[in-house]
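Chain residues, written in single-letter form:
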Amino acid sequence: MRAPILWGALIALSALVASALLTQVVRRLAVGGGVLDIPNPRSSHGVPTPRGGGAAIVLVTTVGVLLFALRGTIHWQLACVLTAGGLAVALVGFVDDRRSLSAATRLTVHFTAALWALYWLGGLSALRVGTHLISLGLVGDLLGAFGIVWVLNLFNFMDGIDGIAASEAIFAALAGALLTTSLADDTGVGFAALLFAAACAGFLLWNWPPASIFLGDVGSGYLGYVIAVLALSANRDNPVALWIWLLLGGAFFVDATVTLLRRLLRGEQVYQAHRSHAYQWLARRWGSHRKATVAFLAVNILWLLPWAMLARRFPSHAALSVVAALAPLALLAAMLGAGRSEGRRGAGAA
């Protein structure tokens, strides 16, 4: 038992340092190349800030996954999904950071990466609902594809204030791995999650409020893709895992979903930039990115993590736990202003 723990600690430390150093390099290149996020009326920041720091997470995670796949620590199927699919998502984000791509182009790449993941993972595996294992077949695969694309995009939507996306990814990856797998599992999901979380932590050193660099689309979509893939991979050996990962990512899932639905009902273009997520209303109300990010971390640790632990302890109630945990959050998100028209002042709007 001690060997995997020591090996895992060494992996985490190496990935964190490599990511932090590489983020510094990316920041210098972005500043020198004029790759800056310029404030506009829809922005949540007030000064030009370099973007594209997520490239450091992508490179460190990809290289690490390949190295561990070569030595057999991470299964080659999972490695294929994380590297090829992850790089495709990151590449389209990298291009979009420099010249705006159409939503159709981005979604085509996103769905291709999702189908690639499901092919190598063998589709959406059976889910435990109550005392039954339910396999959804082709319908499940379609739901899996849309699920991956939604998680991928919701991380992009939720990457609107300093530190929130990277800290969410760290929490979900570490807690998800701890509750649904281990460093000794044959597939390597635990090692991949640890490697990914450490890479995110190295970037977060530069992204914590006030941020010195932003993720950019190259990083935000990649984070969502990796989280979704890790959840699906863990579910292959643990049919409760998907419920647990959904609980752990519940704060992001609820805020993004409630906001999307309310904007759709008003007939707004969902890909148009806006500042109507609950976390954005909070940041403006409190006048602080740090307070809003910490608030989301508090919800994760104090509310969602206990529910996830309960789902693990009582697997027959896992699906019900998702409803019980997320329904109050959906109500809270709506009360805080998620999806509210920015023309209406309230919920502390600035």
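Residues numbered from 1 in each chain as written. Predicted model: local features only at pLDDT ≥ 70, side-chain atom pairs only at ≥ 80, totals over all residues. Heavy atoms only, no water.

Let us look at the side chain of Ser220. Take Ser220: it is sitting in helix α8 (residues 217–237). The exposure class assigned to Ser220 is buried, which follows from its relative accessible area of 1%. Side chain to side chain, Ser220 and Asn156 meet in a polar contact 3.2 Å long. Sequence-distant contacts of Ser220, defined by excluding residues within four places in its chain, comprise Leu152, Phe155, Asn156, Asp159 and Leu215. (Helix = DSSP H or I, 4+ residues; strand = E, 2+ residues; numbered from the N terminus. Buried < 20%, exposed > 50% of the residue type's maximum accessible area, 1.4 Å probe, protein only. Polar contact = N/O pair within 3.5 Å; in protein donor to acceptor, adjacent residues only side chain to side chain. Contact = heavy atoms within 4.5 Å.)

Tracing the backbone through its elements, the reader meets Ser276 in the loop between α10 (250–265) and α11 (278–286). Judged by relative accessible area, which is 2%, Ser276 ranks as buried. A polar atom in the side chain of Ser276 sits 2.7 Å from the side chain of His274. Setting aside its immediate chain neighbours within four residues, Ser276 contacts Thr259, Arg263, Trp281, Gly337, Ala338, Gly339, Arg340 and Glu342.

On to the pattern of salt bridges. Inspection of the entire model under this criterion finds four salt bridges. A salt bridge links Arg106 to Asp96, with the nearest nitrogen and oxygen atoms 3.9 Å apart. Of the two residues, Arg106 sits in helix α4 (residues 103–121) while Asp96 sits in helix α3 (residues 76–98), which places them 10 residues apart along the sequence. Judged on exposure class, the residue Arg106 and its partner Asp96 are both buried. (Salt bridge = Lys/Arg side-chain N within 4 Å of Asp/Glu carboxyl O.)

Relative to the elements of secondary structure, Val294 occurs in helix α12 (residues 289–313). The sequence separation of Val294 and Gly33 amounts to 261 residues, and the corresponding C-alpha distance is 32 Å.

Turning our attention to the layout of surface pockets. Gaps left between atoms show up when a probe the size of a water molecule is rolled over them. Here the second largest pocket defines a volume of roughly 630 Å³. Surrounding the second largest pocket, 25 residues form its lining, Gly147, Val151, Leu242, Leu246 and Phe253 being those nearest its centre. Examining the composition of the lining of the second largest pocket, we find that nine residues originate from one element, helix α5 (residues 137–158), more than from any other. (1 Å grid on protein atoms, 1.4 Å probe; cavity = no way out; pocket = protein on both sides within 12 Å on 5 of 7 lines; lining within 4 Å. Points joined across faces, edges and corners; volume = space filled by probe spheres on them.)

In this section: the nonpolar core. If you look at the biggest cluster of nonpolar residues, it comprises 103 residues, and the most contacted ones within it are Ile57, Phe155, Phe196, Leu223 and Tyr225. For this core, the element with the most residues is helix α7 (residues 189–207), which contributes 13 residues. Once residues lying within four places of it in the same chain are set aside, the contact partners of Ile57 are Ser19, Phe196, Ala199, Cys200, Phe203, Leu215, Tyr222 and Leu223. (Core = buried A, V, L, I, M, F, W, Y, C linked by side-chain atoms within 4.5 Å.)

Count 3.6 residues to each turn of an α-helix, and residues three or four apart come out pointing the same way. When the terminal C-alpha atoms of α10 are compared, their 22 Å separation across 16 residues agrees well with the 22 Å that a helix rising 1.5 Å per residue should span. Of all the residues in α10, the buried ones are Gly250, Ala251, Phe252, Val254, Asp255, Ala256, Thr257, Val258, Thr259 and Arg263. On its buried face, α10 is in contact with α5, α6 (164–180), α9 (241–248), α11, α12 and α13 (318–336). Within two residues after α10, Gly267 carries a phi angle of roughly 80°, on the positive side. (Expected span 1.5 Å × (residues − 1).)

All right, on to the environment of Leu115 then. Summarising the element assignment, Leu115 is placed in helix α4. The class of Leu115 is exposed, set by a relative accessible area of 52%. For Leu115 and Thr49, which are 66 residues apart along the polypeptide, the C-alpha to C-alpha distance reads 34 Å.

Using the criterion set out here, one finds two cavities of 30 Å³ or more in the structure. Approximately 50 Å³ is the volume attributed to the largest cavity. If you trace the largest cavity, you find it lined by His75, Gln77, Leu78, Leu121, Thr187, Val189, Ser233 and Arg236. Counting only elements with at least two residues in the lining of the largest cavity, the list comes to α3 and α8.

Between its first and last C-alpha atoms α12 spans 35 Å; for 25 residues at 1.5 Å apiece the expected length is 36 Å, and the two agree. Taken as a whole, α12 carries its principal kink of about 40° at Leu304; the proline Pro306 stands between one and four residues after it. Buried within α12 are the following residues: His289, Ala292, Thr293, Phe296, Asn300, Leu304, Ala308 and Ala311. Looking at the buried positions of α12, the neighbouring elements they touch are α5, α6, α9, α10, α11 and α13. Two or three places before Arg290, at the opening of α12, Ser288 has a side-chain oxygen 3.3 Å from that residue's backbone nitrogen. (Bend = angle between axes of the 7 residues up to and from the residue.)

A word on the confidence of the model for the chain. Mean pLDDT over the chain works out to 91, with 94% of the residues at or above the 70 mark. The least confident element of the chain is strand β1 (residues 36–37), whose mean pLDDT is 83; the most confident is α9, at 98. For residues 345–350, every residue scores under 50 in pLDDT, and the model assigns this stretch 13 contacts once sequence neighbours within four places are set aside. (pLDDT = per-residue confidence, 0-100.)

The next subject is the packing of helix α2 (residues 54–70) against α3. Interhelical geometry of α2 versus α3 gives an angle of 160° and a closest axis separation of 9 Å. In terms of orientation, α2 lies roughly antiparallel with respect to α3. For the crossing formed where α2 meets α3, the hand is left-handed. Contacts between α2 and α3 involve Val58, Thr62, Val65, Leu66 and Ala69 from the former and Ala79, Leu82, Thr83, Leu87 and Ala90 from the latter. Of the residues that constitute the contact of α2 with α3, the class distribution is eight nonpolar, two polar and no charged. (Axes fitted to C-alpha atoms, helices over the stretch in contact; angles between N-to-C directions. Parallel < 35°, antiparallel > 145°, perpendicular 65-115°, else oblique. Left-handed = near helix turned anticlockwise from the far one by under 90°. Nonpolar A, V, L, I, M, F, W, Y, C, P; charged D, E, K, R; others polar.)

Next up on the list: the packing of aromatic side chains. The tally for this structure, following the rule as stated, stands at 11 aromatic pairs. Aromatic pair Phe252 and Phe296: ring centres 6.4 Å apart, planes at 75°, arrangement edge-to-face. Within this pair, whereas Phe252 is found in helix α10, its partner Phe296 is found in helix α12, the two being separated by 44 residues in sequence. Phe296 shares its class with Phe252; the two are buried. When the centroid spacing of 6.3 Å and the interplanar angle of 90° are considered together, the rings of Tyr279 and Phe296 count as edge-to-face. Placement of Tyr279 in helix α11 and of Phe296 in helix α12 is noted, with a sequence separation of 17 residues between them. For the pair shown, Tyr279 and Phe296 are each scored as buried. Site record: aromatic cluster; members linked through ring pairs are Trp76, Trp116, Tyr119 and Trp120. (Phe/Tyr/Trp six-rings, centres within 6.5 Å; stacked < 30°, edge-to-face > 60°.)

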